Amino acid sequence: MKYAIIGAGGTGGILGFYMTKAGKDVTLIARGRHLAAMQESGLAVEKMWDGTTETIPVKATDMDHYSERPDVILVCVKGYSLEDTIPFIQRVANPSTIVIPVLNIYGTGAKMQEKLPNLLVTDGCIYVSANIKEPGVLIQHGKILRVVYGVREKEEYDPRLEEIKQDFDVSGIDGVLSENIRRDALEKFSYVSPIGAAGLYYHATAADFQREGEEREAFKTMIREIAALAEAMGVPFERDMVDVNLKILSTLAPEATTSMQRDVMDGKSSEIDGLVYEVVCMGERYHVPVPMYEKVAEKLKETL
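J.: Sorry, what's going on with unusual backbone geometry here?
T.: Residues apart from glycine generally show negative phi values, whereas peptide bonds are mostly found in trans. For H203, which is not glycine, the phi dihedral falls at a positive 50°. Phi at H287 takes a positive value of approximately 55°, unusual for a residue other than glycine.

Quick look at the structure:
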């Protein structure tokens, strides 16, 4: 199948790199110096755990110059850039194109489906830790690379979703076609939201959470608050997400940070609304106490 991946950073770029390397028909949609570097010299991925770097040629263009009709569109932008992708998707999609948002913000697929009523828009999330090191170069902090996606209603199921899973798998990406994407996406949210919030609050790296201490306890507390929300939302977790998320955390390089931390520290737009402040709103909506999130949100609103 023909893939278009919107966004070529630590999510889309990593997926595009491994899928292209496996021989899949992938075009990365990017812009600026990162796009120019990929077009000129290819895309490089540096693996932090062993120090190796591999560079491969990739197909890359910007939204204005993309003229193909993709079978699958992977949306791998930050939450604040989501609106910008809608006109592009409307222009390039076939009626049968499948759109898979791979974002950190919970509930993205349903929101996109409202804007794209004639297409199948799944929900999705990714487990990866990576970022752009410099134009044309990505740095991957840990070996974990898993995409979880699926339809919200069983009647929306399309057999091509299985073909997408096969394409992920042969590319060295753990593709998981979920039977309960609401819960699975919320499970991912129970990692990315607490680690981002606590990382900002404590100015912490992965090392600070990998050892016992206040930072690790705060991380665990926020995971439990998300678990309480999941229960109230009718999609209770079926496993101990504190244990699951600590195992994920243990695979990261000690110096790793989250994309939200890096964006805030660099003075860029960030996903803080969807990853931190929205959880406080969810607590109010579902009448679930989230005191740790309230404490973090209060400090961040004062200092950022």
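The rest of the description comes next.
J.: Can you walk me through the side chain of D158 in this structure?
T.: In this fold, D158 is placed in the loop between β12 (146-150) and α5 (160-170). Accessibility expressed as a relative area gives 17% for D158, which makes it buried. Polar contacts involving the side chain of D158 include one to the main-chain amide nitrogen of R160, which spans 2.8 Å. Setting aside its immediate chain neighbours within four residues, D158 contacts I98 and L120.

J.: Can you help me understand helix α1 (residues 12-21) in this one?
T.: Taken across its 10 residues, α1 has 9 buried, putting it largely inside the fold. Three or more residues of α1 are buried, namely G12, G13, I14, L15, G16, F17, Y18, M19 and T20. After α1 finishes, the residue G23 shows a positive phi value of roughly 90°.

J.: How do you make sense of the pattern of salt bridges when you look at a structure like this?
T.: Think of it this way: side chains of opposite charge can pair up when their charged atoms draw near. All told, the structure shown has 20 salt bridges when counted by the stated rule. The salt bridge involving E68 is made with K2; its shortest N-O contact spans 3.1 Å. Note that E68 is positioned in the loop between β5 (59-61) and β6 (72-75) and K2 in strand β1 (residues 2-6), a separation of 66 residues in sequence. In this structure E68 comes out as partly exposed when scored by relative accessible area, which is 24%. For E212, the salt bridge goes to R216, with nearest N and O atoms at 3.4 Å.

J.: Please clarify how the sheet that holds strand β4 (residues 53-56) should be interpreted in this entry.
T.: Strand pairing within a sheet occurs via backbone hydrogen bonds; the two strands may be parallel or antiparallel. Sheet architecture is open: 4 strands sit in the order β4-β3-β11-β10, paired in mixed fashion. The open sheet has two free edges, formed respectively by β4 and β10 (130-134), since each of these has just one partner strand. In this sheet, neighbouring strand axes are inclined to one another by 25° on average, regardless of whether the strands run parallel or antiparallel. Sheet topology note: the strand β3 (residues 43-47)/β4 ladder contains 4 bridges and is antiparallel. Bridged to E46 within β4 is T53. Strands in contact with α1 are β3, β4, β10 and β11 (137-140); relative to β3, the strand with the most contacts, it is inclined by about 105°. Each of β3, β4, β10 and β11 touches helix α2 (residues 32-41); the most contacted strand, β3, lies at about 100° to it.

The rules behind each value
Residues numbered from 1 in each chain as written. Predicted model: local features only at pLDDT ≥ 70, side-chain atom pairs only at ≥ 80, totals over all residues. Heavy atoms only, no water. Helix = DSSP H or I, 4+ residues; strand = E, 2+ residues; numbered from the N terminus. Buried < 20%, exposed > 50% of the residue type's maximum accessible area, 1.4 Å probe, protein only. Polar contact = N/O pair within 3.5 Å; in protein donor to acceptor, adjacent residues only side chain to side chain. Contact = heavy atoms within 4.5 Å. Salt bridge = Lys/Arg side-chain N within 4 Å of Asp/Glu carboxyl O. Pairing = 2+ DSSP bridges. Axes fitted to C-alpha atoms, helices over the stretch in contact; angles between N-to-C directions.

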